[in-house]
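# Residue-level structure breakdown
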Amino acid sequence: MSAVMPTEPVAANAAMRRTKSLSERMRYLWYLGRRSPLTLVGVAIILAVLVMIIAAPFIAPYNPDKVSLTARLLPPSAAHWFGTDEVGRDLFSRVIYGARASCGAAFMIVLISMSVGVLIGCFSGVVGGRVDTAIMRLMDVVLALPALVLAMALAAALGPSLFNSMLAVAIVRIPAYVRLARGQTLSLREQVFVKAARTYGASPFYILRWHILPNAMSPIIVQATLDLGGVVLIAAALSFIGLGAQPPTAEWGALVSSGRSYMLDQWWYATFPGLAILITAMGCNLVGDGIRDMLDPRLRGR
Amino acid sequence: MAITRIIVPRLILLLFVVLGVAVITFTISHLIPGDPARMIAGDRASAETLENVRRNLGLDRPVVEQFTIYIGNLLQGDLGTSLRTNRPVAADIRTFLPATLELGTVALFIAICLGVPLGVLSAVYKDGPIDQIARTVSVCGISMPVFWFGLILIYVFYAKFQILPGSGRLAMGIVAPERITGFLLIDSLLQGRFDAFRSALYHIILPGFVLAFANMGVITRQIRASMLDVLQEDYIRTARASGLRKGMIIFNYALRNALIPSITLLGLALGDLLYGAVLTETIFAWPGMGTYVVTSIQTLDFPAIMGFTIVASIGYVLINLLVDLAYMLADPQIREV
Amino acid sequence: MMTTGTAEPRGQALAINNLSLEFPTFSGAVKALDDVSISVGKAEIVGIVGESGCGKSVTTMAATGLLPKGRYRVTGGTVRLFGHSTLSMDDSQLQDLRGKVVSTIFQEPMNALNPTIRIGRQLTDVIMRHEEVGPADARRIARDILADMLIGEPERVMNLYPFELSGGMRQRVLIAMAFSCNPGLIIADEPTTALDVTVQAVILRLIQNRARRTGTAVIFISHNVAVVSQLCDRLYVMYAGRIVEHGATRTVLETPQHPYTQALLRCLPERVAPKQELEAIPGAVPNLLQPPSGCYFQPRCKEAVEQCRSQTPQLTGADGQQVACWRRGVAVELPEQGGRR
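Rules and cut-offs
- The written sequence of each chain sets the order in which its residues are numbered from 1.
- Chain letters and ligand numbers both follow the written order, the letters beginning at A and the numbers at 1.
- Totals for whole chains, interfaces and linings use every residue, but because this is a predicted model, local features are given only for residues with pLDDT of at least 70 and side-chain atom pairs only at 80 or more, for both listing and counting.
- The numbering of helices and of strands both runs from the N terminus, where a helix is a DSSP run of H or I of at least 4 residues and a strand a run of E of at least 2.
- Residues with at least 20 other C-beta atoms within 10 Å of their own are called buried, those with 12 or fewer are called exposed, and the rest are partly exposed. The C-beta atoms themselves are positioned from the backbone.
- Contact between two residues is assigned whenever their backbone-derived C-beta positions fall within 7 Å.
- Gly falls in the polar group here, along with every residue not listed as nonpolar (Ala, Val, Leu, Ile, Met, Phe, Trp, Tyr, Cys, Pro) or charged (Asp, Glu, Lys, Arg).
- When DSSP finds two or more bridges between two strands, those strands count as paired.
- Only C-alpha atoms enter the line fits that serve as axes; for helices the fit covers just the stretch in contact. Angles between N-to-C directions range over 0 to 180 degrees.
- These domain boundaries are the output of an automatic or database domain assignment.
- In these notes the angle categories are as follows: under 35 degrees is roughly parallel, over 145 is roughly antiparallel, 65 to 115 is roughly perpendicular, and the rest is oblique.
- Throughout, a crossing is termed right-handed when the near helix is turned clockwise from the far one, and left-handed when it is turned anticlockwise from it by less than a right angle.
- Helix span is expected to be 1.5 Å times the residue number reduced by one.
- As used here, the arc belongs to the directions running from the helix axis to the C-beta atoms.
- For this entry, the nonpolar core is defined as buried Ala, Val, Leu, Ile, Met, Phe, Trp, Tyr and Cys residues connected by C-beta atoms within 7 Å.
- Per-residue confidence from the predictor is given as pLDDT, running between 0 and 100.

Each helix and strand counted, chain C has 11 helices and 10 strands in total. Counting the 341 residues in chain C, one finds 46% classified as buried. Sequence separation of 24 or more characterises 65% of the internal contacts of chain C that already satisfy a separation of 6 or more.

As structure tokens, then:
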């Protein structure tokens, strides 16, 4: 192994801990970023999407829902950067506003599956015994299934709407978090400070709330970040097959779906919303990879 | 034998999985807000007609009884009758499955052929320009909305330049070869139908590539990661210290070990492949399971949706079992004990 | 292709002259080696001792080009390996040398063999790489050399995977691999550290015997003075990336000059009379990002004076024994210091 030489980022991390000043930290981040330019690209994309979500009304040149029958299916121009759709709505504005529905849905999906999964996982780990076995077997069964096919069936059964498709995707993603949280809980349960808390009579709930959850969270949040990119795609895909957001909602998947019928003659209609999905998912994946590489001690040395 | 010790629990899990899917699909189809009887009978049907339809579908019996019947039917391979096509779902699936399998096989083949070398190059030239390009391509693949990518390729290659066909499995006017395997590429060759082969080949290029691209990204990333792991192992240092040639170290000493953990990923990638196939087929009007299920979703044909879910789930679990077996066979530490 | 050697002092296997090397990091350059000179004659057995992290392995890995590319910087000095200047060779040139001219045996035998390839194949791959032999001959050579490593049933062992062998057996296979193409120099980098004490002596003898018989030069790297003392003709003592003392093994062990060498020897349990307290060296190895001024050992040295803190001592003394210490001046005969303990 690399015992013969100082692994660079270990020394660098020590430097990070030693230095408190903001400028030093920024310099360190810049140093890391320079080593992985793709992560920086990812960060830039995420920031841009965040700006789109927050400042949509200020960026969008038109009201995204304003119909203008005289300006139907116009190609991209200075007035309409991404062109217009079949009822004359400005596609640039719709893509900007679409970030709210698409990214909001993805964020909610991850949030729901993470919270529920972590609760079940920690509970299972703390309680142990038969309950734990039963829960984990159930999770094994769900994990053994093709998640997205299941989500489609579920979303179809619940009825097509953005909320239902979010719910369906969130449900099938729960088991992964259950496993992760349970693993964390089991290893934490053996830690001295948790054992100590038990000896002075702390209730399981107290231990869970104050000792286990805070310590189990960081790997779980990393996992959630990594999930985000995939979930953006799934949410959009469900909308595309008609299971998610319904027209006329400005949502990227739904926009591609409506633009599909015009693809052969009005290429811009489906192209730009799809590009937005691709770029956003890339941003999430690049940042997720970057975070994982930074946290993985085996990858650090590379 | 170590292998039986590992297989038996997996087979037991498989049993539970099948039962689990059955419970899930049954529950879903009985919780649906839409009324299937109303769907069949149409909006203007009388109350009496509705009642008749219900009775015919068995929808009027107690839930537990319905479930027992459902399981019993499943065990006999009866997946119910499609509300839309009025044919047994099992028969429908038999019709559409080969097209999906053919597409999936071609896509997987392309994905592996492109993804593995790209991953190896990326790891060997880590942080160099080749690595940056390979990683960009791989992230692009992973982040690609399949349905959109398909549309773009259709626009470019079919609408704009008219190089490749954009929908279906065969050109119009070409009679499909007689069905032997269900794979048009194979059946046409077996029967010496080169016109059909040519047409089938042209038709599978675009959907095959679209479906392959996403999986290629996953494969590249996985191979890169495990190659990087392996390349810093002591035995690679030994190989370098004993002067073995670079190509030999990379392919015979490193890639061999890097592929073993990647095998398990292959099973998981099949889940993505299945899901990607649903979207790809929709875009390219590919007459397979994906198109079938999406049409069924749009017409609330629940027996068809659930039949698809069950078949897909069982297939997925079985394939993963096979993949795990392959994994065990590839690792001498497990094989030889 | 191999570059042929020129203008080499006869009988030198390896000549490292004034080698300085650093690892650039975020916080600055880690000066891993500072002005290190080591020479190894043909058929000579030389030891390098020092605490872990003092640069022993970095020195030899730099000389054989095994350090990770792009992660280090040579700031001065030359390396001549049987006349080849390895520092300026590219990877494929180095690959021709490694295994054929110089072999390295590493510390951890556990992972040093490829887990998915049978032992025999791993040996014959190396042999067929460097020798003009077919598979059958390569197998025969491999079998003979395994037998020479006192492996019973070499034919059976060649059909096994590494995980089916004990640590000691794996290390024998690695030694066999190192010797298989009759290199002129073998670098044994802590070859026995991970092994049981009972196996250690056997393994070391195997290396020594084979080297003596075939006229192979060997560099033993160890943090354990006791291990190398019985094997080596000459000894280099390294501290924090510098050579602090060097000489014939007996001389260095019997009359250690440098305070660090003396402290190192006092730490050996074997050298301490029963019931006498074991000594530890106070303080810690210096941080090579910000090394101390003057002599690197001065912060831990009981004898340090002002000069030690301000100026870096050079190796001085006759060929028999050289030391880098201001308190052991040139030509100062060592009456009261050292001596037999």
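Our next topic: the interface of chain B and chain A. Taken residue by residue, the interface counts 45 residues in chain B and 40 residues in chain A. Contributing elements (two or more residues each) for the side of chain B that touches chain A: α1 (2-31), α6 (129-142), α7 (146-160), α11 (246-284), α12 (289-298) and α13 (302-330) of chain B. The element best represented in the side of chain B that touches chain A is α1 of chain B, accounting for nine residues. For the side of chain B that touches chain A, the residue count by class is 31 nonpolar, 11 polar and three charged.

Right, let's talk about the sheet that holds strand β6 (residues 185-189) of chain C for a bit. Residue and element names in this part refer to chain C. Strand order in the open sheet made by the seven strands is β5-β6-β7-β3-β8-β9-β10, with mixed pairing throughout. Looking along the sheet, the strands with just one partner apiece sit at the ends: β5 (102-105) and β10 (321-323). Averaged over all pairs of adjacent strands, the angle between strand axes in this sheet comes to 15°, irrespective of strand direction. Of the pairings in the sheet, the one linking strand β3 (residues 45-49) to strand β7 (residues 217-222) comprises five bridges and is parallel in character. Looking across to β7, one finds that V49 is bridged to S222.

A word on the domain arrangement of chain B. What the domain assignment lists for chain B is domain 1 (1-33 + 300-337), domain 2 (37-76) and domain 3 (97-289). Each of domain 2 of chain B and domain 3 of chain B has a C-alpha centre, and the two are 43 Å apart.

Once that is clear, we can look at the packing of helix α6 (residues 167-179) of chain C against helix α7 (residues 197-214) of chain C. All names here are of chain C. At a closest axis distance of 11 Å, the pairing of α6 and α7 adopts a crossing angle of 10°. In terms of their interaxial angle, α6 and α7 are classed as roughly parallel. Counted together, G168, Q171, R172, I175 and F179 of α6 and V199, I203, L206, I207 and R210 of α7 form the full contact between these two elements. For the contact of α6 with α7, a count of residues per class yields six nonpolar, two polar and two charged.

Right, let's talk about the packing of helix α5 (residues 89-124) of chain B against α6 of chain B for a bit. All names here are of chain B. Axis separation between α5 and α6 bottoms out at 8 Å; the angle between their running directions is 140°. Considered as vectors, α5 and α6 are oriented oblique to each other. The crossing of α5 and α6 is left-handed. Here α5 contributes L118, L121 and S122 to the contact with α6, which in turn contributes I130, D131, A134, R135 and V137. Across the contact of α5 with α6, the residue classes break down as five nonpolar, one polar and two charged.

For the rest of this paragraph, the subject is the interface of chain C and chain B. Counting residues at the interface gives 26 residues for chain C, matched by 18 residues for chain B. Where the side of chain C that touches chain B is concerned, the elements lending two or more residues are α2 (91-97), β5, α3 (119-130) and α6 of chain C. Here the side of chain C that touches chain B is composed, by residue class, of 11 nonpolar, eight polar and seven charged.

So, on to α6 of chain B. Residues and elements named next belong to chain B. For α6, which comprises 14 residues, the first-to-last C-alpha distance of 20 Å matches the rise-based estimate of 20 Å (1.5 Å per residue) to within 8%. Restricting attention to buried positions, one finds in α6 the residues A134, R135, S138, V139, G141 and I142. Taken down its axis, α6 places every buried residue within 155° of arc, on the same side.

What follows is about the nonpolar core. By size, the foremost hydrophobic cluster in this structure holds 272 residues, and its most contacted members are A151, V169, V232 and A235 of chain A together with A254 of chain B. Non-local contacts of A151 of chain A, meaning those with residues more than four positions away in its chain, are made with A168, V169 and V172 of chain A.

Residues and elements named next belong to chain C. Extensive coverage of β3 is indicated by the burial of five of its five residues. Of the pairings in the sheet, the one linking β3 to strand β8 (residues 234-239) comprises four bridges and is parallel in character. Note that in β8 the partner of G47 across the bridge is L235.

Let's shift gears to the sheet that holds strand β4 (residues 73-81) of chain C. All names here are of chain C. Reading across the sheet, the three strands line up as β2-β1-β4 and stay open at both edges, with antiparallel pairing between neighbours. Each having just a single partner strand, β2 (28-41) and β4 make up the two edges of the open sheet. Direction aside, the axes of adjacent strands within the sheet are offset by 10° on average. Sheet topology places strand β1 (residues 12-25) next to β4; seven bridges connect them, and they run antiparallel. Bridge pairing links I16 to V79 in β4. Sheet strands touched by helix α1 (residues 56-63): β1, β2 and β4. Its angle to β1, the strand with the most contacts, is close to 110°.

Any region with low pLDDT has predicted coordinates that should not be read closely. All names here are of chain C. When pLDDT is averaged along chain C, the result is 85, and 90% of the positions lie at 70 or above. Overall, residues 1-9 carries pLDDT values under 50, and its contacts beyond four positions in sequence, including any with other chains, amount to 12 contacts. Both confidence scores are given for the complex: pTM 0.83, ipTM 0.85.

So, on to the environment of M263 of chain A. Inspection of the secondary structure assignment puts M263 of chain A in the loop between α10 (252-260) and α11 (267-295). It is 17 Å that separates the C-alpha atoms of M263 of chain A and R94 of chain A, two residues lying 169 residues apart in sequence. The contacts of M263 of chain A, once residues within four sequence positions are left out, are A270 of chain A together with L151, I154 and Y155 of chain B.

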